[in-house]
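Structural overview for review
For reference, the chains in residue letters:
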Amino acid sequence: MSETALRLKIIADSEFADALKAEAVARPADLVIESERNEKDATKLGFDLADAVSIVAIVKGAIDAATFAAKIYGWWHDSKKKKPRYKVILQTPLRTLELHSNIPVTQAEIQRFLEASAIKTK
Amino acid sequence: VSIQQDFGGFDPSFLGVTLRFGNERAFNFYKAYAASENPLPVSHLSSDERFEALSITSVMAHETRHFHDFFLTPYSARVFGKRVRMLAELLQMLPHLVRDGPNCMPVPLVKWCALNEQQRATQLQWLPPLPDGVSWIPVDVPYMEIGATMPADAMGQLLWATFRLRNEITDLAFQPAGHANGQTIQPWQIFELPAILVQINEILWTYGETQAGFYVSYLEQAESNPYTTMLRRTRKLWDDRDRLMDTTIANAMAAWSLLGSYAKDQWKACPTERYAALWLHLKATGIPEWNDNAGELFQAWSTALHLSTVQDGMNEARQSYANTQIAIDSKADQLASILGSDYSSLLQRLTSGVSQASQHMVDAVAGDLNAYIATDAYTHSVHRYVNPLLRKIYDGGMLAGLSAEEASREPGNVIEWAYEQDGRLLVESRVEPYNVSPHTFVTAEDALEFSRLSALGDFLISDTDRMNLDVQRTASVFFRDSHLRPFEVFV
């Protein structure tokens, strides 16, 4: 059976980033944080906050696109309930998906986005 | 109810003002407001909806102030000049970049060029496989270390010049000292202060003190936005003395901060630096009363702080815009020989128009400084300043009543983006006639074409502005019919 992997960049606030990093700690074989840096002036990326975090992660092993899409959707949904203008940027090498509180995005759309950029590793 | 809080935007890649409608309720209110002879009632609305309605009715005043400040300030003139020069360098590279052979374009190029062969191979490994076992072949650009000296080859030199200009823009736009404890005060935020003061004044004139007070209170309750940050910080000077903020003095503080001369003060001309110096000075010495003499006030601040005058700043802005025009004129033949005359003519017309607009603004403002500083006088003086182009963006082309066919029949409309849905072409953005003054220097067609070029430049080069929707959309159109697939470099 073939396995897939995905290299994903996520730009978000620290709350979303913390949730992602906690997942990586809980499932080290399946989710690897490759790099992390603070965006020095995130307002230029359209964020309300001065500080946003940019994380490059490898998603592989037992996490499939559906599972990971559900995670992302959950973190996103939880955070946007607390903040009036909330935004997360998901980026794969060939595509960008912006989750914005003004523009509804479904879990299925996130899943399709992830699936489109996965590569086979076995 | 999902409330849209921000309806405007000024980005000098489009030389006008932009109104963005993100929901149908907001657009319907705007339409009704524009068609009505009297202000529409707002007091019956819920708090959120009232804020939205007041924002809609005053957003043009806010964005128009940004537009006017753009032509007056050395900061804007420097950033614009570097952006145009960067674009000219990039355009010269474009034929080489899109030639046959390669099948993918790593973006932003600044990151790709800093990767060695092995690092580049790692990036390519993460691209999905192509049909028939075809390999990904990226465009051929040289390895270039950060801080490298200028290469000997022509392509390397163009890239080197482009990256250098990009770094210079970053240096101008980001003030490291203004970023601390999760809060940031950057030059662009200083520009927000006069814009929000003018906007509040517009609400005051249209709806009276109660609604203006409500608007300010609502803004201040917001957890974090650029307007709140600047308003709070500025108002603290008055709060500490148990006084109400004088919006004209606050506006004067912003104008003085924006109008420093880099030629005379180097980095101390940065708007963040000037604002901080002035804030501390006023905290220590007290806040002056407005005495209808902005020139005297500005001179006193420049003398006390040993910094350049507002007139120095405006003269520098005017000269800087003129220099950009001269630089583009001198490259016109070279650009035309590589790309044909369309792009070089566009850049020539555009930089000439901007230079004339700056000249006009400097003359108008220097001729009556008080009218630019006193917020109510400014509102009644806009007919003397440069006329902004007005672009409206309807997120998702949401309004079925706005088909491209209908919109293009309306005189003076120029459609920027439209898309097909259920057999109809729906308008997503267009430039509409807007005539608050007779002084127009750039056409809608040129402004839109320059906006597209800038967006393409940002997509290929920039690692910050690339997430902007206009940038992504322009790039997707540019590459749609290309043999090259763009891919993001993750570092």
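Residues numbered from 1 in each chain as written. Chains lettered and ligands numbered in written order. Predicted model: local features only at pLDDT ≥ 70, side-chain atom pairs only at ≥ 80, totals over all residues. Heavy atoms only, no water.

**Describing the overall build of chain A**
Note the cut-off: Helical segments are the DSSP runs of H or I of at least four residues, strand segments are the runs of E of at least two, and each set is numbered from the N terminus. Per-residue accessibility, obtained with a 1.4 Å probe over protein chains only, is compared with the maximum for each type, and a residue is labelled buried under 20%, exposed over 50%, and partly exposed between these values. Here, two residues are considered to be in contact whenever any of their heavy atoms come within 4.5 Å of each other. All accessibility values rest on the Shrake-Rupley procedure with a 1.4 Å probe; residue burial counts only the protein chains present in the view.
If you tally the helices and strands in chain A, you get three helices and six strands. The linear arrangement of helices and strands in chain A, starting from the amino end, is β-α-β-β-α-β-β-α-β. Counting the 122 residues in chain A, one finds 48% classified as buried. Once local pairs closer than 6 in sequence are excluded, the contacts in chain A between residues at least 24 apart make up 65%. When the accessible surface of chain A is split by element, carbon and sulfur atoms take 52% of a total near 5500 Å².

**A word on the overall build of chain B**
Going by this rule: Our radius of gyration is a C-alpha quantity, and the globule rule it is checked against amounts to 2.2 Å times the number of residues to the power 0.38. Counting rule applied: Lys, Arg positive; Asp, Glu negative; His and chain ends not counted. All charge positions are set by atom: Lys at NZ, Arg at CZ, Asp at CG, Glu at CD.
Assigned secondary structure in chain B consists of 20 helices and nine strands. At 24 Å, chain B has a C-alpha radius of gyration in line with the 23 Å of a compact globule built from 491 residues. The principal-axis extent of the C-alpha atoms belonging to chain B is close to 75 × 55 × 45 Å. Among the 491 residues that make up chain B, the fraction classed as buried is 56%. Sequence-distant contacts, at least 24 apart, represent 73% of the contacts inside chain B between residues at least 6 apart. Just so you have it, chain B exposes about 20400 Å², and 51% of that area is on carbon and sulfur atoms. Taken together, the 38 basic and 58 acidic charged side chains of chain B have centroids lying 3 Å from each other.

**A closer look at unusual backbone geometry**
All names here are of chain B. Residue Pro 108 is bonded to the preceding Val 107 through a cis peptide linkage, with omega at -5°. With respect to the secondary-structure elements, Pro 108 resides in the loop between strand S3 (104–107) and helix H4 (109–113). In the Ramachandran plot, Asp 132 falls in the positive-phi region, its phi being about 60° despite a non-glycine side chain. Relative to the assigned elements, Asp 132 resides in the loop between helix H5 (117–125) and helix H6 (154–173). Look at Asp 132 and you get exposed, because its relative accessible area is 78%. We note that Gln 266 has phi near 50°; this positive angle belongs to a residue other than glycine. Here Gln 266 shows up in the loop between helix H11 (262–265) and helix H12 (271–285). Looking at Gln 266, the relative accessible area reads 48%, which means it is partly exposed.

**Details of the pattern of salt bridges**
For clarity, the threshold we go by: In the sections that follow, a salt bridge refers to a side-chain nitrogen of Lys or Arg positioned within 4 Å of a carboxyl oxygen of Asp or Glu.
Enumeration according to the criterion identifies 30 salt bridges over all chains in this entry. The partner of Lys264(B) in a salt bridge is Asp312(B), with the nearest N and O atoms 3.3 Å apart. A residue pair is termed long-range when its members are at least 10 positions apart, and Lys264(B) in helix H11 and Asp312(B) in helix H14 (residues 310–339) qualify at 48 residues. Judged by relative accessible area, Lys264(B) falls into the exposed class, the value being 53%. Here Arg391(B) makes a salt bridge to Glu416(B), at a shortest N to O gap of 3.1 Å. Residue Arg391(B) is located in strand S6 (residues 389–394), and its partner Glu416(B) is located in strand S7 (residues 414–421); the two are separated by 25 residues in the primary sequence. With a relative accessible area of 5%, Arg391(B) lands in the buried category. Via salt bridges that share partners, Glu23(A), Arg27(A), Asp30(A) and Lys71(A) belong to a single interconnected network.

**What to know about helix H8 (residues 209–221) of chain B**
Heads up, the rule is: A helix is expected to reach a length of 1.5 Å times the quantity of its residues less one.
The terminal C-alpha atoms of H8(B) lie 18 Å apart, and with 13 residues this matches the ideal 18 Å at 1.5 Å per residue to within 8%. Among the residues making up H8(B), those that are buried are Gln211(B), Ala212(B), Phe214(B), Tyr215(B), Tyr218(B), Leu219(B) and Glu220(B).

**As for the packing of aromatic side chains**
All names here are of chain B. Inclusion rule: Pairing of aromatic rings covers Phe, Tyr and Trp, the last through its six-membered ring, and needs centres within 6.5 Å; plane angles under 30 degrees mean stacked, over 60 mean edge-to-face, and all others mean tilted.
Considering all chains together, one arrives at 24 aromatic pairs over all chains under this definition. Ring geometry for Trp 256 and Trp 301: centres 6.4 Å apart, planes at 85°, overall edge-to-face. Taken together, the positions of Trp 256 in helix H10 (residues 247–258) and Trp 301 in helix H13 (residues 294–305) put the pair 45 residues apart, joining distant regions of the chain. A single burial state applies to Trp 256 and to Trp 301, both of which are buried. Grouping aromatic residues by their ring pairs yields a cluster made of Phe 67, Phe 70, Phe 71, Phe 80, Tyr 321 and Phe 450.

**As for the side chain of Ser462(B)**
Looking at where Ser462(B) falls in the secondary structure, it is placed in the loop between helix H19 (444–461) and helix H20 (469–480). With a relative accessible area of 8%, Ser462(B) lands in the buried category.

**Notes on helix H3 (residues 74–97) of chain B**
Residues and elements named next belong to chain B. Quick note on the threshold: Bend at a residue means the angle formed by two fitted axes: the first through the 7 residues ending at that position, the second through the 7 residues beginning there.
For H3, which comprises 24 residues, the first-to-last C-alpha distance of 33 Å matches the rise-based estimate of 34 Å (1.5 Å per residue) to within 8%. A maximum bend of about 25° is found in H3 at Leu 91, where proline Pro 95 lies one to four positions downstream. The buried count for H3 comes to 20 of 24 residues, which makes it a mostly enclosed element.

**Remarks on the nonpolar core**
Selection rule: In plain words, nonpolar cores are sets of buried Ala, Val, Leu, Ile, Met, Phe, Trp, Tyr and Cys residues tied together by side-chain atoms within 4.5 Å.
Counting residues in hydrophobic clusters, the biggest one holds 148 residues, and the most contacted among them are Phe298(B) and Leu460(B). Broken down by element, this core gets its largest block of residues, 13 residues, from H3(B). With 29 residues, the next largest nonpolar core counts Ile63(A), Tyr86(A), Leu99(A) and Ile110(A) among its residues.

**Points about the pairing of strand S4 (residues 87–92) of chain A**
Residue and element names in this part refer to chain A. Heads up, the condition is: Only strands that DSSP links by at least two bridges are regarded as paired with each other.
Where burial is concerned, most of S4 is hidden: six out of the six residues are buried. Side-chain alternation along S4 places Lys 87, Ile 89 and Gln 91 on one buried face and Val 88, Leu 90 and Thr 92 on a second face that is also buried. For strand S1 (residues 4–12) and S4, the ladder comprises three bridges, and the chain directions are antiparallel. By the bridge assignment for S4, Ile 11 is matched with Ile 89. What sits between S4 and strand S5 (residues 95–100) in their antiparallel hairpin is a turn of two residues.

**Side note on the packing of helix H1 (residues 14–26) of chain A against helix H2 (residues 65–82) of chain A**
Helix-helix packing is described using two parameters, namely the angle between the two axes and the distance between the axes. All names here are of chain A. How we decide: As a rule, the C-alpha atoms of each element are fitted with a line to give its axis, helices using only the stretch in contact, and angles between N-to-C directions run from 0 to 180 degrees. Convention used here: angles under 35 degrees read as roughly parallel, angles over 145 as roughly antiparallel, angles from 65 to 115 as roughly perpendicular, and any remaining angle as oblique. Take the far helix as the reference: if the near one is turned anticlockwise from it by less than a right angle, the crossing is left-handed, and if turned clockwise, right-handed. In this classification, Asp, Glu, Lys and Arg are treated as charged, Ala, Val, Leu, Ile, Met, Phe, Trp, Tyr, Cys and Pro as nonpolar, and every other residue, Gly included, as polar.
It is the contact of H1 with H2, at a shortest axis distance of 10 Å, that shows an interaxial angle of 150°. The angle between the axes of H1 and H2 places the two elements in the roughly antiparallel class. Considering only the axes of H1 and H2, their crossing is right-handed. Residues Glu 15, Phe 16, Ala 19, Leu 20 and Glu 23 of H1 form the contact with H2, whose own contacting residues are Phe 68, Lys 71, Ile 72, Trp 75, Trp 76, Ser 79 and Lys 82. Of the residues in the contact of H1 with H2, the class split is seven nonpolar, one polar and four charged.

**So, the packing of H12(B) against H13(B)**
Residues and elements named next belong to chain B. It is the contact of H12 with H13, at a shortest axis distance of 11 Å, that shows an interaxial angle of 95°. The orientation of H12 with respect to H13, classified from their angle, is roughly perpendicular. Between H12 and H13, the contacting residues are Arg 274, Ala 277, Leu 278, His 281 and Leu 282 on the first element and Trp 301, Ser 302, Ala 304 and Leu 305 on the second. Across the contact of H12 with H13, the residue classes break down as six nonpolar, two polar and one charged.

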